[in-house]
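# Structural overview for review
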Amino acid sequence: MENYTKYKLKSNDELSSLLEGKDQLFLIACNKCFKEFETLDEPDCEELERFALQQGKTLTGSAKIDFLCNKVQTERKLEGLIPEGTEHVIVLSCGLGVQTVAGMAGKPVYAAANSLNYRGHHGMALTKKSCGACAQCYLNVTGGICPVVDCSKSLLNGQCGGAKNGKCEVDSSKDCAWEKIYERLSKQGRLAEFLAQPVQMRDFSKINHKVIQEYVSSVRENRFAGYYGGVHPLEHKEFTEELPLQRFPEPEVVVIPLSMHAGAPANPVVEVGDTVKVGQKIGESAGFISSPVHSSVSGTVTAIEVHKHATRGECLSVVIRSDGKNTLDEAVKPHKDLDSLTPDEIVEIVKEAGIVGMGGAGFPTSVKLKPPKPIDTVLLNGCECEPYLTADHRVLLEFADDVIFGLKAIVKTVGAEKGLIVIEDNKPDAIELLTAKTADIPELDVVTAKTKYPQGAEKMLIKRVMKRQVPSGGLPADVGCVVSNISTTKAISDAIQKGMPLIERVVTVTGEHVKRPGNYIVKIGTNTKDLIDYCGGITGEDVTVKAGGPMMGFVLGDTNVPIMKGSNGIIAVDTDHTAEQPCIKCGRCVDVCPMELSPLYYAKYADEENWQGMKEKNVMDCLECRCCEYICSSKIPLVTKIKAGKNAVRGMK
């Protein structure tokens with residue numbers, strides 16, 4: 001692999017001149033980027049230390065930092081690091097790193113390296129797979145010159161009157177970006193490669209270069225708004241966001257797993273041959289972290305046996321043949337009004353209803369409603385930041401009153417002062433509706449959040465809305481918050497107002513390869529293949545089907561698995577055949593990790609089975625949001641390696 005490292009230590013003569021008359025030096029070296037990740041210990045810092053000592057200089061210390069140009073993380077790492085008595089800071093990095101340190105060191109800063117004008121494919125996107133996140137892959141095509149930023153018209157191609165004497169026709173002070181691109185690619189011998197690229201489409205109405213410059217500046221300033229990192233994957237919600245909910249036809253047979261939640265699987269309390277009714281308990285919770293399971297149909301239990309499971313491989317399940325009558329169990333009846341219920345009574349109702357987190361995690365909600373610490377705010381997660389999925393969006397629109405009731409119940413149960421419904425700004429209809437409906441409810445408010453993935457993660461939501469940082473290894477309750485999913489909250493309303501346990505949920509069936517995408521109310525235990533077939537089946541070849549969204553969902557090698565409490569979506573998308581390449585330490589995974597971790601180390605340590613190293617790099621704090629894998633230049637399956645590391649760390653004594 002070619003080495004594109006951006007800096008090289010200056011010659012001894014240059015360093016002698018640089019250090020002349022200076023003493024009490026602190027050295028900061030950036031660990032080299034844009035090269036194959038072979039070693040953790042680059043030698044340049046030690047070379048500079050030895051040279052400085054040979055020159056009779058006193059060193060107050062040194063530091064090696066990954067990606068010194070990452071201002072947010074570098075500020076944190078440098079805080080309190082430079083000792084008192086330091087008179088000069090010597091930086092070994094490219095120009096970006098020197099500038100970053102110069103802005104925060106509070107001491108004179110000097111560059112000990114020469115920045116290299118490296119050639120080749122600027123951006124280092126090693127594969128053809130594009131993610132829609134940073135456009136570095138496009139910069140490969142244009143030789144590192146960005147037409148969106150450098151062209152006054154922000155043109156990727158299209159209507160342009162042409163350059164005049166090398167200057168832009170709308171801004172004579174700027175060089176024509178496209179002439180610069182042609183010149184650079186000609187020098188690199190890549191012009192033919194460029195001309196063979198497919199046409200890129202763009203809105204050509206923006207010709208005011210000042211507007212474009214202001215827009216680019218504002219984007220850069222707002223990059224870390226709310227929380228560090230994150231990505232903006234293509235949303236693809238247009239397939240289903242306008243489609244109202246439909247009730248999926250009554251299934252003839254349901255296969256209801258006894259494990260659809262975090263913790264211990266439920267224990268069956270029915271036998272083969274038993275007649276059951278809708279809402280009847282068929283599985284009893286087997287511990288504090290567990291949840292009961294109920295029948296979604298009335299009919300006959302035909303088997304209690306191991307069946308395929310979307311996330312666990314297989315699981316003990318109760319098979320029920322429906323009689324088509326939907327006879328309600330006698331236990332399904334409304335409870336007292338909310339004002340008359342005590343917090344403990346609400347917790348018991350939620351527990352007996354088998355309600356768990358329906359965003360995918362499946363944590364028993366009754367446990368969450370008895371937090372060990374005081375709570376002042378309940379956050380209702382209406383972000384639904386995963387691409388393609390629109391289930392929660394439709395629940396907000398079509399069951400708004402139930403969602404509000406459920407939120408009131410949570411606020412009362414945990415003793416909070418406030419309930420906030422957080423909705424991303426790509427759902428303006430839901431924001432408008434919920435704002436109107438909560439206008440006269442003083443304890444409830446709607447918060448509009450700028451769309452960014454993974455904003456729906458508990459820790460990110462709390463940081464974005466409350467400006468509070470959940471500690472490493474901590475829970476939302478540690479900072480006075482409880483977070484609930486939209487569908488979970490609606491289920492709480494059903495349990496209190498109707499006495500109905502969690503027996504159905506909204507599922508989005510979508511993707512480029514679903515013939516008739518839609519949002520469906522589906523009974524738990526319904527066969528996923530039947531649901532897909534009802535939508536017209538899968539079109540095309542070489543298709544990947546996932547349970548959940550494209551970022552955190554699970555590949556379904558077999559669609560003969562049941563819909564579960566956490567099944568918020570089924571998507572059918574193009575199969576990605578991108579081959580993994582060696583890590584080049586480009587730093588993008590560090591840039592986008594919302595937990596401010598260093599995922600590139602997880603890939604290296606997992607390959608080496610260095611589980612202690614992964615533990616020391618705080619792998620257990622990883623959300624498995626897949627931002628790192630999504631942005632990775634080398635398309636390394638980082639989340640798979642992270643999961644392996646987590647399993648190994650859990651097994652460490």
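As a reminder, the structure under discussion sits directly above these lines.
These notes cover the structure that comes with them. (Residues numbered from 1 in each chain as written. Predicted model: local features only at pLDDT ≥ 70, side-chain atom pairs only at ≥ 80, totals over all residues. Heavy atoms only, no water.)

## Focus: the packing of aromatic side chains
Under the defined criterion, the tally for this structure stands at seven aromatic pairs. Their ring planes at 80 degrees and their centres at 5.8 Å tell us that Tyr182 and Phe194 sit as a pair that is edge-to-face. Here the residue Tyr182 occupies a position in helix H7 (residues 177–188), and Phe194 occupies one in helix H8 (residues 191–195), the gap between them amounting to twelve residues. Take Tyr182: its relative accessible area is 37%, and that puts it in the partly exposed class. Residue class for Phe194 comes out buried when judged on its relative accessible area of 11%. (Phe/Tyr/Trp six-rings, centres within 6.5 Å; stacked < 30°, edge-to-face > 60°. Helix = DSSP H or I, 4+ residues; strand = E, 2+ residues; numbered from the N terminus. Buried < 20%, exposed > 50% of the residue type's maximum accessible area, 1.4 Å probe, protein only.)

## Here's the deal with the packing of helix H13 (residues 400–414) against helix H14 (residues 428–437)
Viewed as axis vectors pointing N to C, H13 and H14 meet at an angle of 60 degrees, and their least axial separation amounts to 11 Å. Classified by the interaxial angle, the pair formed by H13 and H14 is oblique. Handedness of the crossing formed by H13 with H14: right-handed. Across the interface between the two elements, Ala400, Asp401 and Ile404 from H13 touch Leu433, Leu434 and Lys437 from H14. The residue makeup of the contact of H13 with H14, split by class, is four nonpolar, no polar and two charged. (Axes fitted to C-alpha atoms, helices over the stretch in contact; angles between N-to-C directions. Parallel < 35°, antiparallel > 145°, perpendicular 65-115°, else oblique. Left-handed = near helix turned anticlockwise from the far one by under 90°. Contact = heavy atoms within 4.5 Å. Nonpolar A, V, L, I, M, F, W, Y, C, P; charged D, E, K, R; others polar.)

## Considering the sheet that holds strand E4 (residues 88–92)
Ordered in space as E3-E2-E4-E5, the four strands form an open sheet in which the pairing is parallel. Looking at strand neighbours, the two that pair on one side only are strand E3 (59–66) and strand E5 (109–111), the edges of this open sheet. Along the sheet, successive strands turn relative to each other by an average axial angle of 20 degrees, direction set aside. Pairing geometry for strand E2 (residues 25–31) and E4, over five bridges, is parallel. Residue Leu27 lies in a different strand from E4, and its bridge partner there is Ile90. (Pairing = 2+ DSSP bridges.)

## Looking at the sheet that holds strand E11 (residues 281–284)
One open sheet accounts for three strands, arranged E9-E11-E12; its pairing is antiparallel. Looking at which strands have only one partner, the edges of the open sheet turn out to be strand E9 (267–268) and strand E12 (293–294). Relative to E12, E11 runs antiparallel, the two being bridged by two bridges. Bridging from a neighbouring strand, Gly283 pairs with Val293 of E12.

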